[in-house]
Amino acid sequence: MKKKLVVLTGAGISAESGLKTFRDMGGLWENYAIEEVATPEGWEKNPQLVLDFYNERRKQAYLAKPNRAHLVLADLEKEFEVKIITQNVDNLHEKAGSTNVVHLHGELSKVRSVKNPDLIYEVDNKAINLGDLAEDGGQLRPHIVWFGELVPMIEPAADICLDADIFVVIGTSLQVYPAAGLVGYVGNDVPKFVIDPSMPAYSFNTKNVEFIEKTAVEGIDVFLEKLKNL
Ligand code: APR
């Protein structure tokens with residue numbers, strides 16, 4: 001029976017693949033107003049601006065390559081039952097070969113009908129514009145969870161965290177809920193690791209937490225060493 005390794009990732013794990021984070025210096029929220037491009041209100045006000053924002057990010061994500069951190073996590077599936085819960089909307093975990101990835105905030109490569117959230121299309125790096133409609137006649141919108149929208153995958157993600165034997169957080173400021181609340185579902189006695197170059201105030205119980213104050217690419221090898229002693 002393989003130990004269950006649960007990984008919670010955020011934009012920081014994709015930083016070394018060239019994709020911007022949100023809240024770092026030069027991050028996305030420095031150049032875009034969240035309410036204009038990542039809320040239902042912004043969509044109502046100026047849908048083409050929202051489409052342009054995600055078209056640009058979709059193109060960048062399509063060209064990005066997984067880095068060593070993504071690749072090591074995929075490789076760990078040989079020894080562990082690895083489940084990745086990501087806030088990221090890029091598909092670098094999948095490109096690296098991870099086979100069990102839960103996207104809490106949606107996926108850039110997918111769009112859906114505004115009429116029916118279950119009518120989802122894979123568009124790879126194609127730009128979507130006003131007038132591009134789903135088969136039900138609904139305007140196509142990014143398959144992304146905007147601020148204020150429900151996070152449909154949060155329950156399955158919480159169940160995964162409840163079941164973890166080992167838990168590692170990589171590259172998230174843990175400032176956005178309900179994603180950030182997932183750390184509270186991990187048992188107190190479960191060894192937890194946090195890989196991040198600048199330690200934000202992780203608001204979770206500090207029992208059994210070991211901070212690896214490095215970038216994802218540098219920190220993943222430190223984590224591998226520690227795994228050997230578990
Ligand atoms: N390696 C590891 N971590 C890094 C690196 C790196 N090279 N560079 C930055 N980081 C860390 C930062 O220190 C920070 O803790 O990654 C984290 C990035 O935090 P955010 O920019 O807030 O990204 P994230 O936590 O994923 O945001 C959560 O907010 O805007 C919404 O929906 C969006 O999913 C996103 C959510």
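Every value quoted in this text rests on a predicted model; they were computed, and no experiment measured them.

Enquirer: Can you help me understand the side chain of Arg57 in this one?
Expert: With respect to the helices and strands, Arg57 occurs in helix H5 (residues 47–63). Buried charge Arg57 goes without a salt bridge, the closest partner of opposite sign being Asp90 at 7.1 Å.

Enquirer: What am I meant to see in the environment of Tyr185 here?
Expert: By the secondary structure assignment, Tyr185 is in the loop between strand E7 (166–170) and strand E8 (192–195). The class of Tyr185 is partly exposed, set by a relative accessible area of 40%. Along the chain, Tyr185 and Asp163 lie 22 residues apart, while their C-alpha atoms are 8.7 Å from each other. Dropping the residues within four chain positions of it, Tyr185 is found in contact with Ala158, Cys161 and Leu162.

Enquirer: Looking at this structure, I do not really get the packing of helix H6 (residues 68–75) against helix H9 (residues 216–228). What am I missing?
Expert: Across the interface, H6 lies against H9 with an axial gap of 8 Å and an inter-helix angle of 30°. Put simply, H6 runs roughly parallel to H9. Contacts between H6 and H9 pair Arg68, Ala69, Val72 and Leu73 from the former with Ala216, Val217, Ile220, Asp221 and Leu224 from the latter. Its residues assigned to classes, the contact of H6 with H9 comprises seven nonpolar, no polar and two charged.

Enquirer: What is the right way to read the layout of surface pockets from this model?
Expert: The method is simple in principle: a probe with the dimensions of a water molecule rolls over the atoms, and the space it marks as empty is what remains. Of the volumes computed, that of the largest pocket is approximately 760 Å³. Going through the elements one at a time, helix H1 (12–15) and H5 are the ones with two or more residues in the lining of the largest pocket. Counted by class, the lining of the largest pocket contains 20 nonpolar, 13 polar and seven charged residues. Domain assignment of the residues forming the lining of the largest pocket places at least three in each of domain 1 (1–19 + 66–105 + 151–230) and domain 2 (20–63 + 110–144). One number sums up the size of the second largest pocket: a volume of about 300 Å³. Arg112, His143, Val145, Pro152 and Met153 are, among the 16 residues lining the second largest pocket, the residues nearest its centre. Residue assignment for the lining of the second largest pocket shows that the elements contributing at least two residues are strand E3 (101–103) and strand E4 (106–113). Of the residues contributing to the lining of the second largest pocket, the split by class is nine nonpolar, three polar and four charged. Domain assignment of the residues forming the lining of the second largest pocket places at least three in each of domain 1 (1–19 + 66–105 + 151–230) and domain 2 (20–63 + 110–144).

Definitions and cut-offs
- Throughout this document, residue positions are counted from 1 along each chain, in the order its sequence is written.
- Totals for whole chains, interfaces and linings use every residue, but because this is a predicted model, local features are given only for residues with pLDDT of at least 70 and side-chain atom pairs only at 80 or more, for both listing and counting.
- Water and hydrogen atoms were dropped before computing side-chain values, which therefore reflect all heavy atoms in the structure.
- Runs of H or I in DSSP of at least four residues are treated as helices and runs of E of at least two as strands, each being numbered from the N terminus.
- Throughout, exposure labels follow a simple rule: accessible area from a 1.4 Å probe, protein chains only, divided by the maximum for the residue type, with under 20% read as buried, over 50% as exposed, and the rest as partly exposed.
- Counted as positive: Lys and Arg. Counted as negative: Asp and Glu, with His and the chain ends omitted from the count.
- Salt bridges are identified by distance alone: a Lys or Arg side-chain nitrogen within 4 Å of an Asp or Glu carboxyl oxygen.
- Two residues qualify as a contact provided that any one of their heavy atoms is within 4.5 Å of a heavy atom in the partner residue.
- With axes taken as lines fitted to C-alpha atoms, and helix axes fitted only over the stretch in contact, angles between N-to-C directions fall between 0 and 180 degrees.
- Our angle categories are set so that under 35 degrees counts as roughly parallel, over 145 as roughly antiparallel, 65 to 115 as roughly perpendicular, and the remainder as oblique.
- Side-chain classes follow a simple rule in which Ala, Val, Leu, Ile, Met, Phe, Trp, Tyr, Cys and Pro form the nonpolar group, Asp, Glu, Lys and Arg form the charged group, and the remainder, Gly included, forms the polar group.
- Cavities and pockets are defined on a 1 Å grid built over the protein atoms alone: a cavity is a set of grid points where a 1.4 Å probe fits but cannot escape, while a pocket is an open set with protein on both sides within 12 Å along at least five of seven lines, and lining residues are those with an atom within 4 Å of any such point.
- Grid points are joined across faces, edges and corners, and a volume is the space filled by probe spheres set on the points.
- As used throughout, domain bounds are those supplied by an automatic or database domain assignment.

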